[in-house]
Amino acid sequence: MINRSIFVILLLLSTSFISFSFGAGPLIAESDWMGTATTKSDSIARPSTAKSESPSYLIGPNDVLNIYVWKEPELTQDLTVMADGKITFPLIGEIMAQGQTVTALTKTITEKLKNYVTAPQVTVIVRETHSRRIYTVGKLNEPGPYTLEPGMTVIQALSTAGGFTEWADTKNILIIRRQGKKERQIHFDYEKFISGKKTEQNILLEPNDTIVVP
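Source: prediction; values computed, not measured.

Draft legend 1. Molecular detail of the pairing of strand β1 (residues 64-69). The buried count for β1 comes to 5 of 6 residues, which makes it a mostly enclosed element. Pairing between β1 and strand β2 (residues 77-80): 4 bridges, direction antiparallel. When the bridges of β2 are listed, Leu65 appears paired with Leu79. Relative to strand β5 (residues 122-128), β1 is paired through 6 bridges, and the arrangement is antiparallel. Across the sheet, residue Val64 finds its bridge partner in β5, namely Glu128.

Dropping the structure here:
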């Protein structure tokens, strides 16, 4: 009688184990648990950059560029665009960088280097952007100048500036935009925006826009 009871217990335990093993679903892969695996190509050293600029980004004064020439370490360097929009590059001399995209400047340097280097391979990266700035003033927690990121809106800029202080007049925010010799004032009512009204107020910002929070 005892042996039969033991047999029944063992049978039940065996059935439960089989059900657990096959009914619990797929096991978690190591890559899912630890995160995405790093491939060998990911570990190859590349010139570092603080941010990735859009292909249409136009280089301006005070931007810091990393110019990399493959197998030419003496030509690889960081350069700051001067106030007149130019950079001075070894062998070539002065080049107008202002107003050019990274792709266009890469092509310009590559073409000029062909007189001195066999089949030059050039990479240009915007390491630091200083020419595209916006300014935030008034009753914000962290007012000041900020880099204008691609596609930055009014709300994103206000968030970057730390949000409002206690007595901020959020209904009468102004975006001051200079267009040529004229100055344009654009009204932004934060209260209406967050309530779902006048969402078109959340415009894309332009270089040198100033946001004033009274």
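Read on, since the account is not over.
Draft legend 2. Representation of helix α3 (residues 102-113). For α3, spanning 12 residues, the distance from its first C-alpha to its last is 16 Å, which sits close to the expected 16 Å at 1.5 Å a residue. Among the residues of α3, Leu105, Thr106, Ile109, Thr110 and Leu113 are the ones counted as buried. Buried residues of α3, viewed axially, fall in a sector of 135 degrees; they line one side. When the buried face of α3 is taken as reference, the exposed residues oriented beyond 90 degrees from it are Thr103 and Lys107. For α3, the elements touching its buried residues are β1, β3 (86-89), β4 (93-96) and β5.

Scoring rules and cut-offs
Residues numbered from 1 in each chain as written. Predicted model: local features only at pLDDT ≥ 70, side-chain atom pairs only at ≥ 80, totals over all residues. Heavy atoms only, no water. Buried < 20%, exposed > 50% of the residue type's maximum accessible area, 1.4 Å probe, protein only. Helix = DSSP H or I, 4+ residues; strand = E, 2+ residues; numbered from the N terminus. Pairing = 2+ DSSP bridges. Expected span 1.5 Å × (residues − 1). Arc of directions from axis to C-beta. Contact = heavy atoms within 4.5 Å.

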